[in-house]
Every structure is written in structure tokens, then in C-alpha cells.
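Structural overview for review
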Amino acid sequence: MEPADMEYFCAQVQQKDVGRRLQVGQELREYLRHPAGSPDVEQDPQRLDKVIDELTAWVNSSNFKVRG
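A short tour of the structure in this document, coming up.

What counts, and at which threshold
Numbering of residues starts from 1 in every chain and runs along the sequence as written. pLDDT decides what is reported in this predicted model: residues at 70 or higher carry local features, side-chain atom pairs at 80 or more are listed and counted, and totals for whole chains, interfaces and linings draw on all residues regardless. Hydrogens and water are ignored here; the side-chain numbers use all heavy atoms of the structure. Strands are runs of DSSP state E lasting at least 2 residues, helices are runs of H or I lasting at least 4, and numbering of each runs from the N terminus. Burial status follows relative accessibility: with a 1.4 Å probe on protein chains alone, a residue under 20% of its type maximum counts as buried, one over 50% as exposed, and anything between as partly exposed. The contact rule is simple, with two residues in contact once any of their heavy atoms fall within 4.5 Å. We get accessible surface area from the Shrake-Rupley algorithm with a probe of 1.4 Å; when it comes to residues, only the shown protein chains can shield them.

For the rest of this paragraph, the subject is the overall build of the protein chain. The number of helices and strands found in the protein chain is five helices and zero strands. Going from the N terminus to the C terminus, the protein chain shows its helices and strands as α-α-α-α-α. For the protein chain, the proportion of its 68 residues judged to be buried stands at 29%. Across the protein chain, contacts joining residues at least 24 apart in sequence account for 54% of those joining residues at least 6 apart. A total accessible area of about 4800 Å² is found for the protein chain, and carbon and sulfur atoms account for 51% of it.

All right, on to the environment of cysteine 10 then. Mapped onto the elements of the fold, cysteine 10 is located in helix α1 (residues 6-12). Residue class for cysteine 10 comes out buried when judged on its relative accessible area of 7%. Taking the C-alpha atoms as reference points, cysteine 10 and aspartate 49, 39 residues apart in sequence, are found 9.4 Å from one another. Aside from chain neighbours lying at most four places away, what touches cysteine 10 is Arg47, Lys50 and Val51.

Written as C-alpha cells, this is what we have:
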């Protein structure tokens, strides 16, 4: 597994596989839950914005598993 950082999540949230999206969603929640372990969130706001844009697309998805 790759080390989790915003670059990793930026690439992973673009996956089209619903199962992978669900897994990445959980990984991202854990990553963001510990601010001391995720310093690059504040250091790279553009990458964070891209991740948020992709997550917004997930929420707007018609797939109930991703939406829930």
C-alpha cells in the first residue's frame, strides 16, 4: 500500500470502481481524523480542493452505496 498523503488520495478518488471508492473513502476519513498525521492537508490547498471536487461528484452520484 502506498503511503497515505493528499497526492495519494487525489489519485485514488478519481477511481471509477465503486468498491475502491468505498475503501478510499474510509481511508480518507481515517487520514483526516488525525490532523497531526496529515500535515500536507494545510500545505497543499489546491490538491485538497481537487479531492473535495471529486468527493462532491461522489455525493452527487446515483449509486446509493457511494452516496450513503
